[in-house]
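Per-entry structural report
One letter stands for each residue in the lines below.
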Amino acid sequence: MAYKHASNRLRRDPWAVQYAVNPVSGRKRMQPSGGYATTADEIIEAAEYVRHVANPSDYIAFYFPDMNEDDYQISRLVTALAIPDDCALLAITHGEQSAILAKHGFDRHLILPLSDVDESFLADSLATALVDLYWHYPITHILLPDSVKSRDLAYRVAAQCNVMPTVSVQGFSAGGAIKRSSCGTKTVSCPLSPVMTISSDRIGATNQSQGEAMSIDWCSDMPPSAFIATREFSLSVEDLPLSEAALIFSAGDGVKDWAAFHQAARAANAATAGSRVVCDAGLLEKKRQVGTSGQSVTADVYVAFGISGAVQHLQGIAGCANVIAVNIDPESPIMKRADLGIVADANAVLKAMCQHSSQGEG
């Protein structure tokens, strides 16, 4: 890798902080403006040397989503991590790029199978695949390019690995990772994280050796990322957000028999909700409140027991497909909004529903 100007002179590395030896005193002096990145002899020597890792004890993994030549440069940043001889650099890609990866110093290459999945599920699928790799192989760090999508993916992976990610890393030092401060005026040092994103445009040229980029297979005992990872578990309808509930039993100030209300909801497998009056009184959790000051719902069927129908509540159920109202006042606003209105006492209706459900009647 020759880093030269068009004039055939070696390019000055603006990001490097190097030292030069005074020929008179023999002391080192710092060159904060950079200095030449390396000599031509060092470049030739590095290009001819191929690093060989027979049996890796650890891996430092790089995920490249777009096969971008610039992103491959982040592998050069790891030379500052003092990699042991038995630690391999693993490139994770979606296509065959072994020749390029070997040139950039990668020891192993894994092609991640990926099918044409919906964009909304792609990030979850990729995160699950990277986490599976993290736990299956002895991976010490997962590094990604510092883009918007890659940072989002890094946060997802870190959350599943129960670690704190470090983003926008510009270099490494003995004290850890180097990144820009929040104000952007200076660099700060922070601890190394198992999951990090790397700013490729902040990496200086180095005399990096080549790797072998030997292919390793996606393990058969790991779930393939070609499918969206799913987990089966039982979930009560009460644990669902109201915005996702298909059937909702909602109580207002007219409901007095709360045992019957909850029993009827359980029998019908309906989520429970309530008006503001009910939730303010503490009879239902605040997250169960429907209306402009609570939640807007889009249930297939919304059954309102003893709710008069204030304007704010009606706005919260505007997206419901079918509204059934049970109220003793036929002129109440909820009855005008309802697709089906039942003029009756809500408590009597709830009691009758419980009796029918206990007898096995629908």
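Whatever comes next refers back to the structure up there.
Residues numbered from 1 in each chain as written. Predicted model: local features only at pLDDT ≥ 70, side-chain atom pairs only at ≥ 80, totals over all residues. Heavy atoms only, no water.

**Re the pairing of strand β10 (residues 195-198)**
Our working definition: Each residue's exposure class comes from its accessible area (1.4 Å probe, protein chains only) as a fraction of the maximum for that residue type: buried when under 20%, exposed when over 50%, partly exposed otherwise. Numbering of helices and strands runs from the N terminus; a helix is a DSSP stretch of H or I covering at least four residues, while a strand is a stretch of E covering at least two. Two strands pair if DSSP finds at least two bridges between them.
In β10, alternate side chains face the same way, and those of Val195 and Thr197 on one face and Met196 and Ile198 on the other are all buried. The pairing of strand β6 (residues 139-145) with β10 spans four bridges and is parallel. If you follow Leu143 over to β10, its bridge partner there is Met196. As paired elements, strand β7 (residues 166-173) and β10 share two bridges and run parallel to each other. Counted as the bridge partner of Thr166 is Met196 from β10.

**Topic: the pattern of salt bridges**
Quick note on the threshold: By definition here, a salt bridge exists when the distance from a side-chain nitrogen of Lys or Arg to a carboxyl oxygen of Asp or Glu is within 4 Å.
In the structure shown here, the tally under the stated rule is six salt bridges. Its salt-bridge partner being Asp280, residue Arg276 comes within 3.3 Å of it at the nearest N-O pair. Of this pair, Arg276 and Asp280 both sit in helix α7 (residues 276-280), four residues apart, roughly one helical turn. With relative accessibility at 51%, the residue Arg276 sits in the exposed group. On the basis of relative accessible area, Asp280 is assigned to the partly exposed category, the value being 48%.

**Things to note about the packing of helix α6 (residues 258-268) against helix α10 (residues 346-358)**
Filter applied, for reference: As a rule, the C-alpha atoms of each element are fitted with a line to give its axis, helices using only the stretch in contact, and angles between N-to-C directions run from 0 to 180 degrees. An angle counts as roughly parallel when it lies under 35 degrees, as roughly antiparallel when it exceeds 145, as roughly perpendicular when it falls between 65 and 115, and as oblique in every other case. When the near helix sits turned anticlockwise from the far one by under a right angle, the crossing is termed left-handed; a clockwise turn instead gives a right-handed crossing. The contact criterion used throughout is that any non-hydrogen atoms of two residues lie within 4.5 Å.
The contact between α6 and α10 brings their axes to 9 Å, and the two run at 45°. Of the possible angle classes, the one that applies to α6 and α10 is oblique. As α6 packs across α10, the resulting crossing turns out to be left-handed. Where α6 abuts α10, its residues Ala260, Phe261, Gln263, Ala264 and Ala267 lie against Leu350, Lys351, Met353, Cys354 and Ser357.

**Quick notes on the sheet that holds strand β12 (residues 247-251)**
Taken together, five strands build an open sheet; the order of strands is β13-β12-β14-β15-β16 and the sheet is parallel. Single-partner strands in this sheet number two, and they are β13 (271-274) and β16 (340-343). When strand polarity is set aside, the average angle formed by the axes of neighbouring strands in this sheet is 20°. One ladder, built from four bridges, connects strand β15 (residues 322-327) with β16; its direction is parallel. Paired with Ile324 across the strands is Leu340, a residue of β16. Sheet contacts for α6: β12, β13 and β14 (301-305); angle to β12, the most-contacted strand, approximately 175°.

**Concerning helix α5 (residues 148-161)**
At 3.6 residues per turn, the α-helix brings residues three or four places apart onto the same side. Condition: In a helix, the anticipated span is given by 1.5 Å times the number of residues less one. The reported arc concerns the directions from the helix axis to the C-beta atoms and nothing else.
Spanning 14 residues, α5 covers 20 Å between terminal C-alpha atoms, matching the ideal 20 Å at 1.5 Å per step. Along α5, the positions that sit buried rather than exposed are Ser150, Leu153, Ala154, Val157, Ala158 and Cys161. The buried side chains of α5 occupy one side of the element, clustering within an arc of 135° when seen end-on. Away from the buried face of α5 by more than 90 degrees, exposed residues Val148, Lys149 and Ala159 are located. Immediately beyond the C-terminal end of α5, within one or two residues, lies Asn162, with a positive phi of roughly 60°.

**Focus on unusual backbone geometry**
Not every positive phi belongs to a glycine, and Asn162 is a case in point at roughly 60°. Relative to the helices and strands, Asn162 resides in the loop between α5 and β7.

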